[in-house]
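# Observations on the three-dimensional arrangement
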Amino acid sequence: MLKLWMVPKNLPLKIVSKQEDYWAKSLSKIKKREYLHSRGYIRHILGELLNIKPLEVKLIAPPNKPPKLNLDIKRYISISHCLDYLFFGYSTFPIGLDIERIDRKIFASKIVKRFYSKQEKKILNELTPLEYHENTLKLWVSKESAIKWAKGSLYKDISHWECNTDSKIISNHKTNVAINFSTFQLQNWFLSIASKRKHYSPELIVCLY
């Protein structure tokens with residue numbers, strides 16, 4: 001079972017736990033709102049799904065740490081943000097998610113030079129400038145979803161992950177771990193899901209809140 005949601009970040013805030021409210025006080029103004037927005041809507045949405053009150057959702061999600069659910073049954077959660085949306089998933093198996101707007105400004109050539117593999121560079125260098133930019137971003141989203149699946153560190157680990165866009169396998173050359181990924185465009189966003197299970201983008205349902 002895998003359920004996915006996208007929630008606009010301009011919606012009014014929802015209730016959070018006292019602990020989350022306390023954690024939020026140490027964040028900058030922008031990060032504080034993003035944090036309270038995400039935890040509040042995750043509690044609200046999962047509360048409706050599980051038929052419990054939002055504050056009864058056993059969510060353990062301090063700032064800048066991988067979120068966890070402390071339920072009586074094995075359930076997993078992954079969270080990602082972009083400029084205007086929260087993207088999160090709830091599943092019966094470990095997942096990693098990432099989201100970026102397709103129009104995000106990035107220094108594509110610098111990112112490729114520093115973080116991408118020889119094979120990835122070879123493929124990208126055969127593309128037009130627009131394709132180069134978009135595919136650099138898609139690879140970044142794919143790698144970040146794998147890092148979240150592994151509960152790793154973005155800047156420490158991203159250069160170790162390599163995407164095979166034909167097989168839809170992403171591999172970590174340092175740990176010898178290989179998992180599946182699905183990266184696709186939904187309207188103005190690139191979304192990526194990484195897990196041990198295969199996911200085909202036409203079959204995935206993302207609920208727009």
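Note that the structure is a prediction, hence the values are computed from the model and not measured.

### Topic: the sheet that holds strand β11 (residues 206-208)
- Pairing in this open sheet of four strands is mixed, and the strands run β4-β5-β1-β11 from one edge to the other. What marks the edges here is a single partner per strand, and that holds for β4 (76-81) and β11. The sheet shows a mean angle of 20° between the axes of neighbouring strands, taken without regard to direction.
- Relative to β11, strand β1 (residues 2-8) runs parallel, the two being bridged by three bridges. Bridge pairing in β11 places M6 opposite L208.
- Taken strand by strand, helix α2 (residues 29-50) contacts β1, β4 and β5 (85-91), and its axis lies near 40° from that of β5.

### Brief notes about the state of the cysteines
- Taken as a whole and assessed by the stated rule, the structure comprises zero disulfides.
- With no disulfide partner, C163 has as its closest neighbouring cysteine sulfur the one in C82, 19 Å distant.
- Exposure remark for C163: the relative accessible area of 7% places this residue in the buried category.
- Note on C207: no disulfide assigned, nearest cysteine sulfur contributed by C82 at a separation of 17 Å.
- A residue is classified by how much of its surface remains accessible, and C207, at 36% relative accessible area, is partly exposed.

### Some details on unusual backbone geometry
- Although it is not a glycine, K151 adopts a positive phi angle of roughly 55°.
- Among the secondary structure elements, K151 is positioned in the loop between α5 (129-150) and α6 (154-157).

### Remarks on the nonpolar core
- Residues Y116, W140, I170 and I179 are the most contacted members of the largest nonpolar core, which totals 24 residues.
- If you list the elements that add at least two residues to this core, you get α3 (108-115), α5, β7 (161-164), β9 (177-186) and β10 (189-195).
- Considering each element in turn, this core owes the most residues, eight residues, to α5.
- Ignoring sequence-local partners within four residues, the contact set of Y116 consists of I111, K121, L124, T136, L139, W140 and K143.

### Thoughts on the pattern of salt bridges
- Enumeration according to the criterion identifies eight salt bridges in this entry.
- D84 serves as the salt-bridge partner of R101, at 2.6 Å between the closest nitrogen and oxygen. With R101 in strand β6 (residues 96-101) and D84 in the loop between β4 and β5, this residue pair connects regions lying 17 residues apart in the sequence.
- Its relative accessible area of 17% is what places R101 among the buried residues.
- Here D98 ties to K148 by a salt bridge, and the two come within 3.5 Å at their closest N and O atoms. A residue pair is termed long-range when its members are at least 10 positions apart, and D98 in strand β6 and K148 in helix α5 qualify at 50 residues.
- Overall, D98 belongs to the buried group, its relative accessible area being 1%.
- The network of salt bridges with common partners includes K9, K31 and E34.

### Details of the packing of aromatic side chains
- Across all of its chains, the model carries six aromatic pairs by this definition.
- Between Y85 and W189, the ring centres sit 4.8 Å apart and the planes meet at 70°, which makes this aromatic pair edge-to-face. Of the two residues, Y85 sits in strand β5 while W189 sits in strand β10, which places them 104 residues apart along the sequence. Note on accessibility: Y85 and W189 belong to one class, buried.
- Each ring, one from F115 and one from Y155, has its centre 6.2 Å from the other, and the planes form 50°; the classification is tilted. With F115 in helix α3 and Y155 in helix α6, the pair connects residues that are 40 residues apart, well separated along the chain.
- Look at F115 and you get buried, because its relative accessible area is 9%.
- Among the aromatic residues, those joined into a cluster by ring pairs are F115, W140 and Y155.

The rules we used
- Positions within a chain are numbered from 1, following the residues in the order the chain's sequence is written.
- Per-residue local features are limited, in this predicted model, to residues with pLDDT of at least 70; the limit for side-chain atom pairs, both in listing and counting, is 80 or more; totals at the level of whole chains, interfaces and linings are taken over all residues.
- Hydrogens are left out, water is left out, and the side-chain values use all remaining heavy atoms of the structure.
- Think of it this way: DSSP has to see at least two bridges between two strands before they count as a pair.
- Counting from the N terminus, the helices are the DSSP runs of H or I reaching at least four residues and the strands are the DSSP runs of E reaching at least two.
- Lines are fitted to the C-alpha atoms to define the axes, a helix being fitted only along its stretch in contact, and any angle between axes, read from their N-to-C directions, falls within 0 to 180 degrees.
- Two residues form a contact once any of their heavy atoms are found within 4.5 Å.
- The rule for a disulfide is simple: a pair of cysteine sulfur atoms within 2.5 Å.
- Only protein chains enter the calculation, and the probe is 1.4 Å; a residue is then buried if its accessible area is under 20% of its type maximum, exposed if over 50%, and partly exposed in between.
- We define a nonpolar core as any set of buried Ala, Val, Leu, Ile, Met, Phe, Trp, Tyr and Cys residues linked to one another through side-chain atoms lying within 4.5 Å.
- The salt bridge criterion pairs a side-chain nitrogen of Lys or Arg with a carboxyl oxygen of Asp or Glu, the two atoms within 4 Å.
- Stacked, tilted and edge-to-face are the three classes assigned to paired rings of Phe, Tyr and Trp, where Trp is represented by its six-membered ring and a pair needs centres within 6.5 Å; plane angles under 30 degrees give stacked, over 60 edge-to-face, the rest tilted.

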